[in-house]
Amino acid sequence: MPPHRPVRTPLPARLRMAALACAIGLLGAPAPAQTTNAKASQYYENALTRYEKKDIPGAIIQLKNALQIDPTMLPVQLLLGKALMQSGDVVAAEVAFNEALKLGVNRAEVVQSLGEAVLAQGKQRQLLEGKTFAPAGLPPGVQLQVLLLRARAQAEQGDSAAALRTIEEARAIDRRNVDTWLAEVPVRIQARQFKEAGVAADTALGLAPNSAQALYQQGAVAHVQGKLAQALAAYDKALAADSQHVEARVARIGIALDQQRWADAAKDLDLLQAQVPEEPRAAYMRALLAERKGDLAGSQAALKQVTDFLDPVPIDFIRARPQLLMLNGLAHFGLKESEKARTNLEAFLRAQPQSPVAKLLARIHMADGNFAKAIDVLEPYLRAQPNDGQALMLLANAHMASGRNAKAAALMQQALKAQDNPALRTVLGLSLVGDGQTANGIAELEAAYRKNPRQVNAAIALVQLYLQTRQAGKAVPIAEQLAKAQPGNAQLQNLLGMALAQSGNLAGGRAALEKAVALDANLSQAKLNLAQMDIASKAYDRATARLDALVKATPKFPEALYEYSVIAERKGQLADARRWLEKARDAAESGDTRWDLALMEFHLRHDQNGPALEAAKSASSKKPDDLQVVLAYSRAQLANGDTIAARSALGTATKLAEYDAPMQVRIATMQLAAHNPAGANYSLEKALSSRPDYLPALAKLTEVALAERDFDKAQKQASDIIARQPGLWLGHSLAGDVALARQQNAQAIEAYRKAHQLEPNSATLIKLFRALSTQGDQAPALHLAEQWLKKFPADVSVHKVLGDGYARNGNFPAAKASYEAALKLLPADAEALNNLANVQLRLKDPAAVKTAETALGFAPGNAAVIDTLGWALFQNGQSERALQLLRDARLRQPGNQEIRYHLAAVLAQAGRKGEAREELRAALADPSRFETRPDAERLLQTLQ
């Protein structure tokens, strides 16, 4: 089910923030909230004024000054990217735009400029394949421009047909947009479709009669057909409309050279090189002029300029532009320099793919985390040697490491037909466990252990699985037997200590771990387990002392560094927690993704979605075919609101998960979150094909039907579950969901009440509470939650929904008390803090600023929390800091009407009336209701 969001009315929209997965048990004060710096803000405002006045160098200086003070200022990074683009520094611009994305800017705000920067570097493939540049999900105007960028990239790759199809997609959005016609002209010329190119140029000129670009394009069509007089006339008009139009001037110089009008060419060339000093075409034409005059030294110097300009340019950029490729080749030829040869590729196994060295190479690839390469090496070898059990186990392990547990299980079942080897059966058991068939996997491991009690791998795997499934009673006897058989084995004493501790025998567990350390003073894992026991008992000082000793002995020990982060996070020291996680990541081996994923989870817990995505991308770069990594990447994309990228990744995950039913249900849940019911349905079909009666998959099908608004189908599925399991709460809860979707509130209340009777927990209660809240009389819902809290006063989630209910009724003092009660239980709950701050604003309580600051400390990337703090500061008279925060919030959620109104109000007070009008018009363009819409309308009237 989707996460809880506080009620919509009468609270303002900023009260509704995404539910936060704050860690249970966070203690102490939060990390300092996101801060602002008055000097940095002044630099930004000064830079913005300079930028608007076309003082680009001055704007860049001021923006860099701001970043020296605060490198996390999102508006500064965005404006810096735009300024750098105008200065021609496209590489630095790309860096700035990507930094803005990391900081949380909405993709729509930056994608067009970033695309221009990427194309200017010849990275067509990145633009066409990068998820950042997916047109879907963007506002129509931005989508149109991104489609035109994609068309340009396709044309530069030589695919004119694809480019024209993409231009038609753009034109379907707005046929009267002149850019869609201008984009068609060079593509048609490239395809030598001159008639169609002329039509497109004429249409563009009809839509924009004074457009220098349209006039230039008209000249270009004539030029390629040899109609030089007509082309020259068009270029003259283009330069009259815009004297800075580079392409028109280059083309006019070319015609002058062809016509041997040397003086005219030299005059235009002087203007061009003054305007664009590093234009390689200008340098080449200067070489031609010098050669014509017999100035060999001047010609050679100009040719050297060409190669100096082009040699450092990425080869992909040169390849995509035949004109520049030819230009550079001619310049090198004129300089009597040969082209550099490409490097050769590859390896022994290409010549001898059947050699047993494949197994060694596979191990190397697996050690590096390159499981896909390991599979590619082993499969050809096994076609020649199908009964090599060692190679089969390696291949199965590679598939397991890639998340393809069903494939690994099939391989082991095949191998066991040839020989009943306990080692093979152990791998089969582990692969079945990975496939979600835990009971079957444990049965195979038990069979391997019975067949050969000395099969230590099976015994160890069994103990670990028993511990994972909380069956410590079964784990202890096997662990004791292992330790008894090898009393001097420190590793087995360590395993016994873990089993005893989980069984509740803490003294025995600690004694076994201490014995393990006595047997092997270098056994870091036993020392780490002792530290973890200390952390679990909140003996943080003792745990820290153990970790200090571990890290002193082994500085690059990621597991120990991670435990430091656990301690810091539990103390509320978030900056320290992040620092320790980053140290763990940096200390790990190159292919180890655990710490990237731990860092991602940390950022998601604290609503830092941009950094979470960066951590997920880092993991993906290490193990792109790992199922868990792909799922983590999908979660991060969802958190960042990029459902298109999430859907793509989830499609990959569905393939990797094969017929693992629990995993496919998990993927289906994420597909629904990505608004892709068809993808969810496909995952569930795969789940049910292997386990037709798998109840979670059947239940999820009901959610899919609801997402598709097929209420009859959803009702039938919910009824089928009730018929299968009438005493289970799940079917009744789903029936309530269907009734609520049909606006049959009475039936929904009855179904939810039945579900709550069968399973009285906070989740079923909250569903019933919300259904009761849809009635005019709120008293029954409030009474339900109040009575629950009398029995269960420590239920944080119910305290929060009760606070929402009081707020909806306008009872802000009671709402304040409910949120405060929740925060006594969970001080780090940013959602409750944010809601409390908003209630305090309603009560005109000056503590709202401090509460919002605290919320922001726990959720520094959340636009709703940033907005709350900005608005509270504005109400408190701190307009300068409020402006910086609200600019940041608006860039993170440009579709949030209330944030745009808040920003406009502050801008209006600061005298930036034009910018305020833009924000208000954008907020009011969407007809949907938001609470402060009347205020926004009144403010806009005063600014007209």
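Residues numbered from 1 in each chain as written. Predicted model: local features only at pLDDT ≥ 70, side-chain atom pairs only at ≥ 80, totals over all residues. Heavy atoms only, no water.

Summing up its helical and strand segments, the protein has 54 helices and 0 strands in all. Excluding contacts between residues fewer than 6 apart, the proportion of contacts in the protein whose partners are at least 24 apart in sequence is 53%. Surface exposure of the protein reaches about 43000 Å², of which carbon and sulfur atoms provide 52%. (Helix = DSSP H or I, 4+ residues; strand = E, 2+ residues; numbered from the N terminus. Contact = heavy atoms within 4.5 Å. Areas by Shrake-Rupley, 256 points an atom, 1.4 Å probe, with all protein chains shown as cover.)

Below, the discussion takes up helix α49 (residues 847-858). Residue pairs three or four apart in sequence face the same way in an α-helix, which turns once every 3.6 residues. Taking 1.5 Å per residue as the helical rise, α49 with its 12 residues ought to reach 16 Å, and the 17 Å between its terminal C-alpha atoms agrees with that figure. Of all 12 residues in α49, 9 are buried; the element is thus mostly enclosed. Burial in α49 covers these residues: Ala 848, Val 849, Thr 851, Ala 852, Glu 853, Ala 855, Leu 856, Gly 857 and Phe 858. Considering only its buried residues, α49 is in contact with α33 (574-587), α48 (830-842), α50 (863-875) and α51 (879-892). (Expected span 1.5 Å × (residues − 1). Buried < 20%, exposed > 50% of the residue type's maximum accessible area, 1.4 Å probe, protein only.)

Turning to the packing of α48 against α49, a few remarks are in order. Relative placement of two packed helices is described by the angle separating their axes and the distance separating the axes. Viewed as axis vectors pointing N to C, α48 and α49 meet at an angle of 160 degrees, and their least axial separation amounts to 8 Å. As summarised for this structure, α48 and α49 are arranged roughly antiparallel, according to the angle between their axes. In the packing of α48 onto α49, the handedness of the crossing is left-handed. Contacts from Ala 830, Leu 833, Asn 834, Leu 836, Ala 837, Gln 840 and Leu 841 of α48 reach α49 at Ala 847, Ala 848, Thr 851, Ala 852, Thr 854, Ala 855 and Phe 858. Among the residues making up the contact of α48 with α49, the classes are represented as 10 nonpolar, 4 polar and no charged. (Axes fitted to C-alpha atoms, helices over the stretch in contact; angles between N-to-C directions. Parallel < 35°, antiparallel > 145°, perpendicular 65-115°, else oblique. Left-handed = near helix turned anticlockwise from the far one by under 90°. Nonpolar A, V, L, I, M, F, W, Y, C, P; charged D, E, K, R; others polar.)

Two elements in contact, α49 and α50, have axes separated by 9 Å at closest approach and are oriented at 155 degrees. Here α50 runs roughly antiparallel to α49, going by the angle between their axes. The hand of the α49/α50 crossing is left-handed. Two secondary-structure elements touch here, α49 through Ala 848, Val 849, Ala 852, Glu 853, Ala 855 and Leu 856 and α50 through Val 865, Ile 866, Thr 868, Leu 869, Ala 872 and Leu 873. Split by residue class, the contact of α49 with α50 holds 10 nonpolar, 1 polar and 1 charged.

In this section: the confidence of the model for the protein. For the protein, the mean per-residue pLDDT works out to 83, and 85% of the residues sit at or above 70. Segment residues 1-35 is flagged for pLDDT under 50; beyond a separation of four residues in sequence, or across chains, it makes 108 contacts in the model. (pLDDT = per-residue confidence, 0-100.)

Here we come to the pattern of salt bridges. Considering all chains together, one arrives at 50 salt bridges under this definition. Its salt-bridge partner being Arg 892, residue Asp 888 comes within 2.5 Å of it at the nearest N-O pair. Here Asp 888 pairs with Arg 892, and both are found in helix α51, just 4 residues apart, close to one helical turn. In terms of burial, Asp 888 and Arg 892 fall into one category: buried. (Salt bridge = Lys/Arg side-chain N within 4 Å of Asp/Glu carboxyl O.)

All right, on to the side chain of Thr 654 then. By the element assignment, Thr 654 lies in helix α37 (residues 643-657). Ignoring anything within four residues of it in the chain, the contact list for Thr 654 reads Gln 664, Ile 667, Gln 671, Tyr 682, Ser 683 and Lys 686.

Turning to unusual backbone geometry, a few remarks are in order. The phi dihedral of Arg 709 falls on the positive side, at around 60 degrees, and the residue is not glycine. Note on placement: Arg 709 falls in the loop between α40 (695-707) and α41 (711-724). By relative accessible area, which is 60% here, Arg 709 ends up exposed. The backbone of Lys 844 shows a phi angle near 55 degrees, a positive value even though the residue is not glycine. Since its relative accessible area comes to 74%, Lys 844 is described here as exposed.

What follows concerns the packing of aromatic side chains. Evaluation of the coordinates by the stated rule reveals 6 aromatic pairs. Three or more aromatic residues joined by ring pairs form one cluster here, namely Trp 871, Phe 874 and Tyr 901. Here Arg 171 stacks its cationic end above the ring of Trp 181, 3.5 Å away from the centre of that ring. Here Lys 686 stacks its cationic end above the ring of Tyr 659, 5.0 Å away from the centre of that ring. (Phe/Tyr/Trp six-rings, centres within 6.5 Å; stacked < 30°, edge-to-face > 60°. Lys NZ or Arg CZ within 6 Å of the ring centre and 35° of its normal.)

Once that is clear, we can look at the nonpolar core. Of all hydrophobic cores here, the largest spans 125 residues; its most connected members are Leu 547, Met 600, Leu 631, Val 798, Leu 920 and Leu 939. Beyond its immediate sequence surroundings of up to four residues, Val 798 is in contact with Ser 762, Leu 765, Ile 766, Ala 785, Trp 788 and Leu 789. Within the second largest apolar cluster, 41 residues are counted, among which are Ala 59, Met 73, Ala 93 and Val 110. (Core = buried A, V, L, I, M, F, W, Y, C linked by side-chain atoms within 4.5 Å.)

Let's shift gears to helix α44 (residues 762-773). When the terminal C-alpha atoms of α44 are compared, their 16 Å separation across 12 residues agrees well with the 16 Å that a helix rising 1.5 Å per residue should span. Burial runs high along α44: 9 of the 12 residues are buried. Along α44, the residues that are buried comprise Thr 764, Leu 765, Ile 766, Lys 767, Leu 768, Phe 769, Ala 771, Leu 772 and Ser 773. Against the buried residues of α44 lie α42 (729-741), α43 (745-758), α45 (779-791) and α46 (796-808).

With that out of the way, let us pick up the environment of Gly 130. For Gly 130, the location among the structural elements is in the loop between α6 (124-129) and α7 (140-156). C-alpha of Gly 130 to C-alpha of Ala 645: the two residues are 515 residues apart in sequence and 9.1 Å apart in space.

As a further point, take the side chain of Thr 180. Considering the arrangement of structural elements, one finds Thr 180 in helix α9 (residues 178-190). Once residues lying within four places of it in the same chain are set aside, the contact partners of Thr 180 are Leu 144, Leu 148, Ile 167, Ala 170, Arg 171, Asp 174 and Arg 175.

Moving on to the environment of Ala 852. Take Ala 852: it is sitting in helix α49. Judged by relative accessible area, which is 0%, Ala 852 ranks as buried. With 12 residues separating them along the chain, Ala 852 and Gln 840 place their C-alpha atoms 9.8 Å apart. Other than its neighbours up to four places away in sequence, Ala 852 contacts Ala 837, Val 865, Thr 868 and Leu 869.

On to the environment of Val 178. Mapped onto the secondary structure, Val 178 falls in helix α9. Taking C-alpha positions, Val 178 is 9.6 Å from Ala 200, a pair spaced 22 residues apart along the chain. Leave out the neighbours within four places in its chain, and Val 178 touches Ala 204, Leu 207 and Ala 208.

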